[in-house]
There are 2 protein chains.
Amino acid sequence: MEDFKVIEVKRSIFEDNDADAQKLREELRTEGTFLLNLMSSPGAGKTTTLKRTIEILKDEMKIGVMEADIDSDVDAKAVAETGVRAIQIHTGGMCHLDADMTRQGIRELETKDLDLVVLENVGNLVCPAEFDTGSTKNAMILSVPEGDDKPLKYPLMFSICDVVLINKCDTLCVFDDFSKESVKERILKLNPKAEVIYISAKTGEGFEEWIQWIRREIKAYRT
Amino acid sequence: MEDFKVIEVKRSIFEDNDADAQKLREELRTEGTFLLNLMSSPGAGKTTTLKRTIEILKDEMKIGVMEADIDSDVDAKAVAETGVRAIQIHTGGMCHLDADMTRQGIRELETKDLDLVVLENVGNLVCPAEFDTGSTKNAMILSVPEGDDKPLKYPLMFSICDVVLINKCDTLCVFDDFSKESVKERILKLNPKAEVIYISAKTGEGFEEWIQWIRREIKAYRT
């Protein structure tokens with residue numbers, strides 16, 4: 001028996017995604033669900049970060065996860081192993097999720113009793129930035145091996161995120177041309193309100209700050 | 001004075017991109033230009049690989065480069081420094097290039113006297129796989145830090161490539177959960193004809209094999 005569902009979402013019929021995203025945000029607000037939209041390039045460490053985050057938080061809040069992928073269900077499997085409620089969303093080749101596709105996932109996951117729902121978006125720095133999913137907050141992960149010039153090349157993604165996690169900081173020894181200062185400067189130039197947190201999902205470095213960010217945002221959302 | 005042009009390409013007016021790509025391929029064939037479409041995730045090392053490739057080949061063939069990006073011209077600057085003809089293509093927010101956008105770049109670059117033209121596509125494992133650019137061959141780079149499970153998650157990209165470069169092999173010491181054997185097995189399962197070459201654009205490891213692949217393909221194209 002599988003311990004997670006796999007659903008195929010349909011492309012939205014709504015022409016105005018922004019209006020639909022706003023509507024979804026209000027629906028989630030009514031049921032008190034905090035939806036975190038987690039984005040990154042392929043292989044930046046979304047699933048590993050999420051697994052460690054769940055391990056730390058699962059005893060203090062009820063968590064659900066929607067794993068979006070073009071294909072495969074390796075991520076939903078990995079997340080379901082942590083014991084939280086998880087579903088795999090297949091986008092049917094689509095490179096992003098819009099608000100209605102997110103809603104289809106939310107309905108399948110059944111989120112009313114959950115404190116935190118994480119949507120792990122398709123690994124892509126371009127398209128997901130253009131479609132508001134209706135999330136409460138947007139988070140992105142940039143990994144050290146990708147380079148500190150990424151804010152220059154994918155400015156929209158860095159502009160729409162509330163928090164940017166710089167992951168794989170344990171590999172700074174081999175990626176010695178990556179400047180923690182330059183990347184932060186470039187991010188803040190695009191988005192002065194962004195929170196920038198340096199982490200390693202492998203070693204746990206920086207997770208106190210990241211976990212505090214989640215706790216603080218959920219608390220603020222509820223009051 | 002800039003030593004490369006920056007052009008803004010327009011979205012194609014052609015409904016049938018596949019037919020248009022075939023047409024562009026024939027146009028390039030007539031003028032004898034070999035077009036290599038180079039794809040990868042953001043930060044997998046397209047530009048660094050390209051710079052080292054150019055340094056090795058520039059005395060034996062005439063090379064031109066089209067750098068496609070949502071924004072910025074850092075890559076065209078870096079490539080122009082090697083002395084080859086380069087242009088920067090801005091996609092106007094688009095996450096990929098189609099055949100007509102590629103043609104607009106080809107015209108600006110003026111390719112008739114060139115032996116090898118490289119299109120560095122937008123950093124994205126999803127959308128560029130869906131749009132035939134009219135290229136002679138497709139190459140992609142997967143970097144070790146992204147993980148060996150990527151063929152499972154982005155199968156179309158791995159299916160359409162003639163050659164897959166596994167880059168940043170110098171970092172296998174810190175990414176010790178990456179299996180060179182597993183990644184190759186997964187790629188060949190999707191695409192039995194794909195050539196898989198392990199490289200490090202930083203150290204030069206594996207470049208003999210990669211350069212031989214280019215020489216062989218260009219020679220075969222001409223005969």
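Just so it is clear, the model here is predicted, and its values are computed rather than measured. (Residues numbered from 1 in each chain as written. Chains lettered and ligands numbered in written order. Predicted model: local features only at pLDDT ≥ 70, side-chain atom pairs only at ≥ 80, totals over all residues. Heavy atoms only, no water.)

*Asks:* Is there a simple way to think about the pairing of strand 5 (residues 116-120) of chain B in this case?
*Replies:* Working note: regular strand, side chains alternate between the two faces of the sheet. Residues and elements named next belong to chain B. Across the five residues that make up strand 5, a large majority, five, are buried. Judged by which residues are buried, strand 5 turns out to be covered on both faces: L116, V118 and E120 on one side and V117 and L119 on the other are all buried. Where strand 2 (residues 34-40) lies against strand 5, five bridges are found, and the strand directions are parallel. Bridged to N37 within strand 5 is L119. Relative to strand 5, strand 3 (residues 63-69) runs parallel, the two being bridged by five bridges. Within strand 5, the residue paired with G64 across the bridge is V117. (Buried < 20%, exposed > 50% of the residue type's maximum accessible area, 1.4 Å probe, protein only. Helix = DSSP H or I, 4+ residues; strand = E, 2+ residues; numbered from the N terminus. Pairing = 2+ DSSP bridges.)

*Asks:* Whenever I open this one, the nonpolar core confuses me. Can you help?
*Replies:* A general tendency of soluble globular proteins is for nonpolar side chains to be buried together. Judged by nonpolar contacts, the single largest core of 146 residues is most densely connected at I166(A), W210(A), I166(B) and W210(B). Once you skip the residues sitting within four places of it in the chain, I166(B) turns out to touch L142(B), V144(B), F178(B), V183(B), I187(B), V196(B), I197(B), Y198(B) and I199(B). (Core = buried A, V, L, I, M, F, W, Y, C linked by side-chain atoms within 4.5 Å. Contact = heavy atoms within 4.5 Å.)

*Asks:* Help me out: how do you make sense of helix 9 (residues 207-222) of chain B in this one?
*Replies:* Since the α-helix packs 3.6 residues into each turn, any two residues three or four apart lie on the same face. All names here are of chain B. The terminal C-alpha atoms of helix 9 lie 23 Å apart, and with 16 residues this matches the ideal 22 Å at 1.5 Å per residue to within 8%. Considered for burial, the residues of helix 9 that qualify are F207, W210, I211, W213, I214, E217, I218 and Y221. Down the axis of helix 9, the buried set is contained in an arc of 150 degrees. They therefore lie on one face. Exposed residues on helix 9 whose side chains face more than 90 degrees from its buried face are E208 and K219. (Expected span 1.5 Å × (residues − 1). Arc of directions from axis to C-beta.)

*Asks:* How should I be thinking about the packing of helix 2 (residues 46-57) of chain B against helix 9 of chain B in this particular structure?
*Replies:* Packed helices, taken two at a time, are described by the angle between their axes plus the distance between the axes. Residue and element names in this part refer to chain B. Axis separation between helix 2 and helix 9 bottoms out at 11 Å; the angle between their running directions is 70 degrees. Judged by the inter-axis angle, helix 2 sits roughly perpendicular to helix 9. As for how helix 2 packs across helix 9, the hand of that crossing is right-handed. Residue-level inspection shows T49, R52, T53, I56 and L57 of helix 2 in contact with helix 9, the latter providing F207, W210, I211, I214 and R215. In the contact of helix 2 with helix 9, the residues fall into six nonpolar, two polar and two charged. (Axes fitted to C-alpha atoms, helices over the stretch in contact; angles between N-to-C directions. Parallel < 35°, antiparallel > 145°, perpendicular 65-115°, else oblique. Left-handed = near helix turned anticlockwise from the far one by under 90°. Nonpolar A, V, L, I, M, F, W, Y, C, P; charged D, E, K, R; others polar.)

*Asks:* Mind showing me how you'd approach the packing of aromatic side chains here?
*Replies:* Two aromatic rings are characterised by how far apart their centres lie and by the angle between their planes. Counted by the stated rule, this structure contains five aromatic pairs over all chains. When the ring of F175(A) is compared with that of F175(B), the centres are 6.4 Å apart and the planes differ by 55 degrees; the resulting orientation is tilted. Placement of the pair is F175(A) in the loop between strand 7 (163-167) and helix 7 (180-190) and F175(B) in the loop between strand 7 (163-167) and helix 8 (180-190), with the two residues belonging to separate chains. With a relative accessible area of 9%, F175(A) lands in the buried category. Ring centres 5.4 Å apart and planes at 90 degrees place the aromatic pair F34(B) and Y221(B) in the edge-to-face group. Pair noted here: F34(B) is in strand 2 and Y221(B) is in helix 9, with a separation of 187 residues, a long-range link. Classification of F34(B) by relative accessible area gives buried; the value is 2%. Across from the ring centre of F207(A), 5.8 Å away, lies the NZ or CZ of R52(A), which sits over that ring. (Phe/Tyr/Trp six-rings, centres within 6.5 Å; stacked < 30°, edge-to-face > 60°. Lys NZ or Arg CZ within 6 Å of the ring centre and 35° of its normal.)

*Asks:* Is there a simple way to explain the pattern of salt bridges in this structure?
*Replies:* Residue and element names in this part refer to chain A. Inspection of the entire model under this criterion finds 36 salt bridges over all chains. A salt bridge links R85 to D113, with the shortest nitrogen-to-oxygen separation between them at 2.8 Å. Placement of the pair is R85 in strand 4 (residues 85-90) and D113 in the loop between helix 4 (99-109) and strand 5 (116-120), with a sequence separation of 28 residues. Given the relative accessible area of 30%, R85 is considered partly exposed. (Salt bridge = Lys/Arg side-chain N within 4 Å of Asp/Glu carboxyl O.)

*Asks:* Looking at this structure, how should I read the sheet that holds strand 7 of chain A?
*Replies:* Strand pairing in a sheet takes place through backbone hydrogen bonds and is either antiparallel or parallel in direction. Residue and element names in this part refer to chain A. Ordered in space as 1-4-3-5-2-6-7-8, the eight strands form an open sheet in which the pairing is parallel. Each edge of the open sheet carries a strand with a single partner, namely strand 1 (5-8) and strand 8 (195-198). Going from strand to strand, the sheet's axes swing by 20 degrees on average, the running direction of each strand aside. Here strand 7 pairs with strand 8 via four bridges, running parallel. Across the sheet, the residue bridging to I166 is Y198, located in strand 8. Contacts from helix 7 reach strand 6 (137-143), strand 7 and strand 8 within the one sheet, and its direction differs from that of strand 8 by about 160 degrees. Taken strand by strand, helix 8 (residues 207-222) contacts strand 2 (34-40), strand 5, strand 6, strand 7 and strand 8, and its axis lies near 145 degrees from that of strand 8.

*Asks:* What am I meant to see in the interface of chain A and chain B here?
*Replies:* Interface size, as often reported, equals the accessible area lost upon joining of the parts. Contact residues are listed per partner, giving 32 residues for chain A and 32 residues for chain B. For the pair chain A and chain B, the two sides together bury roughly 2,400 Å², of which 60% comes from carbon and sulfur. Counting every contact that joins chain A to chain B gives four salt bridges. Among the ionic pairs, D176(A) bridges to K202(B), the shortest N-O distance being 4.0 Å. Summed over the shared surface of chain A and chain B, the result is eight residue pairs in polar contact (both at pLDDT 80 or more). Going through the elements one at a time, helix 3 (74-80) and helix 5 (150-153) of chain A are the ones with two or more residues in the side of chain A that touches chain B. Top contributing element to the side of chain A that touches chain B by residue count: helix 5 of chain A, with three residues. Residues belonging to the side of chain A that touches chain B are distributed by class as follows: 14 nonpolar, eight polar and 10 charged. (Buried area = accessible area lost by both parts, 1.4 Å probe. Polar contact = N/O pair within 3.5 Å; in protein donor to acceptor, adjacent residues only side chain to side chain.)

Nothing here speaks to function; it is geometry throughout.
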